[in-house]
Amino acid sequence: MERTLLKVHGSGNTFYLYQTNNENEVDWTKLTTWLCQKENNGGADGLLLVLPSTIADAKMRVINADGSEASMCGNGLRCVARFVCEQLEKEEAIIETMKANLKVRKESPLLEDIPTYAVEISPVSFALSSLPMSYKGQEEIRHQIIQEFSTTIPFTAVSVPNPHLIGIVDQTYIENNTHQKSLAELLNGENEYCVDGVNVSYVYPMKNDTIFVRTFERGVGFTNACGTAMTASALVSKLNGFVHNDVITVFNPGGFVKCEVKTNGDRYELTLIGNATVTAEYTFDIHNLTFLNYNETDEQKQYEKSIELVKKETASFAN
Ligand SMILES: N[C@@H](CCC[C@H](N)C(=O)O)C(=O)O
């Protein structure tokens, strides 16, 4: 059974994108764990499913590399936004996701000639029950030292709506990722705090409304970038006075994005803006799990050329 797949990325957060009308066509866990193996064209961080929707222009489901399903994916949503907008010949659309219908739109390129999309990130909640997370019966964790995690890093727990634990750190924790790795492995194994695991980000506030974010993703491990994590990190940075503008530049190991954070009391309007790049198209046999053919686009070369300067600027943080 020959089928077509795209390989796409947002800030180097890489996915296979597959469109189908049959939500139960195959076992998505099995397909995703096979696709995401390193030996299959370098692997990927997950599978984006584009499905028909009765309430929006299309529906997105996100399967992590380990086969678990996530409620949202910011970088993936930008790629799905581009796919759906180009297919429907529209500049904006609504995409159904597990917990919300989200607005997406085409944007002016942040880097010359790089297709760029803006996506809504919602709903936002600081309630620990929304992640879910539990810690000493507390209802929230906001910029708080958790002695069991670190004696110096203040953490915030937030769902957007997938779960994130955000630590504000100094540069040493970015240059050396061992502390982040062991905390993330603890919280994504069997543990008393996050029963469903959590995405763990370390955020280094830089100058001029700019932050650097590195994320260890639930179901994946360290990624080049995690869109929901970068948006949640921009919100946490703003609420704690590390940045002041509504639009925050977020560098990551794979490139950069812009996050718009509008706050109105307890209400937050979050938008993630960045590249949506298609690197290749594959044909594969969906039942026998074998690749049959592929064609690379020239978009990755253009992306790498444009991102070169950004990478130089962040080289010392990007490990
Ligand atoms: N890379 C994504 C998030 C993917 C889901 C995450 N691993 C989870 O399990 O919550 C993004 O760009 O937001």
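Definitions and cut-offs
- Residues numbered from 1 in each chain as written.
- Predicted model: local features only at pLDDT ≥ 70, side-chain atom pairs only at ≥ 80, totals over all residues.
- Heavy atoms only, no water.
- UniProt positions renumbered as here; feature names shortened; annotations may be inferred.
- Buried < 20%, exposed > 50% of the residue type's maximum accessible area, 1.4 Å probe, protein only.
- Helix = DSSP H or I, 4+ residues; strand = E, 2+ residues; numbered from the N terminus.
- Pairing = 2+ DSSP bridges.
- Expected span 1.5 Å × (residues − 1).

As recorded by an unreviewed UniProt entry, the protein carries the name Diaminopimelate epimerase and is attributed to Lysinibacillus halotolerans. Within the UniProt record for the protein, the comment given under Subcellular location (unreviewed entry) is "Cytoplasm".

Novice: An account of the pairing of strand β11 (residues 163-168) is needed here, citing residue identities and associated values.
Specialist: Of all six residues in β11, six are buried, a share of seventy percent or more. Here β11 shows no split at all, with Pro163, Leu165 and Gly167 on one side and His164, Ile166 and Ile168 on the other all buried. Bridge count between strand β10 (residues 154-159) and β11: five bridges; the pairing is antiparallel. For Val158, the partnering residue across the bridge sits in β11 and is His164. In this antiparallel pair of consecutive strands, β10 and β11, the connection spans three residues. Pairing geometry for β11 and strand β12 (residues 199-205), over five bridges, is parallel. What sits directly across from Leu165, in β12, is Val200.

Novice: An account of helix α2 (residues 74-88) is needed here, citing residue identities and associated values.
Specialist: Along its 15 residues, α2 runs 21 Å from first to last C-alpha, staying within 8% of the 21 Å computed at 1.5 Å per residue. Among the 15 residues of α2, twelve are classified as buried, and the element is accordingly described as predominantly covered. Buried residues of α2: Gly74, Asn75, Gly76, Leu77, Arg78, Cys79, Val80, Ala81, Arg82, Phe83, Val84 and Cys85, and no others. Once α2 ends, the next one or two residues include Glu89, with phi positive near 55 degrees.

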